[in-house]
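Working through the structure, step by step
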Amino acid sequence: MQIDDRLQALAELVPEHCRAADIGTDHGYLAISLLREGRASFVVASDKNQGPYEAAKRTVRENAVSDEEISVRLGDGLQVLEPGEVDTACIAGMGGVLMIRILEDAPAVTKKLGTLVLQPMNGAQELRHWLYSHGWHVADESLAVADGRIYEIIQAKQGRRKIPTPLDLMIGPVLWEKKPPLLRHHIEALLFQLRRVLSGMDKSTRAQKSRKYQQVKKQVMELEERLKW
């Protein structure tokens, strides 16, 4: 069983010898990988939809993994867990705003977690801001390419830290600090999205006079400056 670069990058940010939850497990591939690589001694693999839940059960069965090692569960978000049952939660392949809802909907479980490994499909800036505003901080980050798209993977730890600037929250504070090989492509992808927003607003005189228009223009200029390192 081979996982793609996105899931591999996510797995590499999971602390070794942890007890993990793979929320929105889909086929259960990440859960199997965490167990095989020795990253986790126990994994809860959950999904809220019946199809992926059945697929994950099948994957676990086909890989001859016991229920004591991987527990496949049907349910929404972190609500499949008891507080303290795991110390690490992996959430991937959904929007950052939805991830925030998942973390907020099970406060007793979230409070007992030590590490979050998150791969938002969008809304990464909002997600990072929420983390810093709720007693978490970004401890590590990485970028991965799969199917021609760049993905951001965030490792967050419990503990309050000074909140980064809005621009660093957009790029990723640790990504900017580490400057991995894919960082330029990541910033260029952010610029592409913002320029597209500006292009749409340029068609309206009213939009051009708005505060949001000036904010987006400023963000574009700041990101362009960051490409000059």
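Report follows, based on the coordinates. (Residues numbered from 1 in each chain as written. Predicted model: local features only at pLDDT ≥ 70, side-chain atom pairs only at ≥ 80, totals over all residues. Heavy atoms only, no water.)

1. Remarks on the nonpolar core
How we decide: Only buried residues count toward a nonpolar core, which is a set of Ala, Val, Leu, Ile, Met, Phe, Trp, Tyr and Cys residues joined through side-chain atoms within 4.5 Å. Whether a residue is buried, partly exposed or exposed follows from its accessible area with a 1.4 Å probe, protein chains only, as a fraction of its type maximum: under 20%, in between, or over 50%, in that order. Pairs of residues are marked as contacts when any of their non-hydrogen atoms sit within 4.5 Å.
Formed by 30 residues in total, the largest nonpolar core has its most connected members in L78, L81, I91, L116 and L131. With residues near it in sequence (within four places) discarded, I91 still touches I23, M99, I102, L103, V117, L118 and Q119. A9, L35, A45 and V72 belong to the second-largest nonpolar core, a separate cluster that totals 28 residues.

2. What to know about the packing of aromatic side chains
Each pair of aromatic rings is reported with the distance of its centres and the angle of its planes. So the rule is basically this: Whether two aromatic rings pair depends on their centres lying within 6.5 Å, for rings of Phe, Tyr and Trp, where Trp uses its six-membered ring; planes under 30 degrees apart make the pair stacked, over 60 edge-to-face, and the rest tilted. Strands are runs of DSSP state E lasting at least 2 residues, helices are runs of H or I lasting at least 4, and numbering of each runs from the N terminus. Put simply, a charge is over a ring when the Lys NZ or the Arg CZ is close to the ring centre, within 6 Å, and near the line of the ring normal, within 35 degrees.
Under the definition given, this model contains one aromatic pair. The interplanar angle of 90 degrees and the centroid separation of 5.5 Å between the aromatic rings of W176 and W229 together place this pair among those described as edge-to-face. Here W176 is found in helix α8 (residues 173–178), whereas its partner W229 is found in the segment after α11 (211–226), with 53 residues between them in sequence. On the basis of relative accessible area, W229 is assigned to the partly exposed category, the value being 37%. The cationic tip of R6 hangs over the ring face of Y151; the distance from NZ or CZ to the ring centre is 5.6 Å. Above the plane of the ring of W176 lies R226, whose end atom (NZ or CZ) is 4.5 Å from the centre.

3. Some details on the packing of helix α4 (residues 96–105) against helix α6 (residues 124–133)
Threshold: Each axis is a line fitted through C-alpha atoms, and for a helix only the stretch in contact is used; angles between axes span 0 to 180 degrees, taken between their N-to-C directions. Under this scheme an angle from 65 to 115 degrees is roughly perpendicular, one under 35 degrees roughly parallel, and one over 145 degrees roughly antiparallel; angles in between are oblique. Any residue outside Ala, Val, Leu, Ile, Met, Phe, Trp, Tyr, Cys, Pro, Asp, Glu, Lys and Arg is labelled polar, Gly included; the first ten of those are nonpolar and the last four are charged.
One can describe the packing of α4 onto α6 by two numbers: an axis separation of 7 Å at closest approach and a directional angle of 30 degrees. In terms of their interaxial angle, α4 and α6 are classed as roughly parallel. For the pair α4 and α6, the contacting residues are G96, M99, I100, L103 and E104 in the first and E126, L127 and W130 in the second. Class assignment of the residues belonging to the contact of α4 with α6 gives a composition of five nonpolar, one polar and two charged.

4. Points about the sheet that holds strand β1 (residues 18–23)
The cut-off we apply is this: Should DSSP find at least two bridges between two strands, the strands are taken to pair.
Reading across from one edge, β3-β2-β1-β4-β5-β7-β6 is the order of the seven strands in this open sheet, with mixed pairing throughout. Looking at the sheet topology across the chains shown, the edges are occupied by β3 (70–74) and β6 (136–146). Between one strand axis and the next, the sheet turns by 15 degrees as a mean value, whatever way the strands run. Sheet topology note: the β1/strand β2 (residues 40–47) ladder contains six bridges and is parallel. What sits directly across from I23, in β2, is S46.

5. A few points about the environment of P166
Tracing the chain through its elements places P166 in helix α7 (residues 166–171). For P166, a relative accessible area of 57% corresponds to the exposed category. For the pair P166 and Q219, spaced 53 residues apart in sequence, the C-alpha separation works out to 9.2 Å.

6. Topic: the pattern of salt bridges
Operational definition: We define a salt bridge as a side-chain nitrogen of Lys or Arg found within 4 Å of a carboxyl oxygen belonging to Asp or Glu.
Scanning the model with the defined rule gives nine salt bridges in all. Ionic pairing is found between E152 and R128, a salt bridge with its closest N-O pair at 2.7 Å. Taken as a pair, E152 in strand β7 (residues 149–158) and R128 in helix α6 lie far apart in primary sequence, 24 residues in all. Considered together, E152 and R128 belong to a single accessibility category, that of buried residues. Between E225 and K228 there is a salt bridge, with the nearest N and O atoms lying 2.8 Å from each other. In this structure, a network of salt bridges that share partners links the residues D76, R101 and D105.

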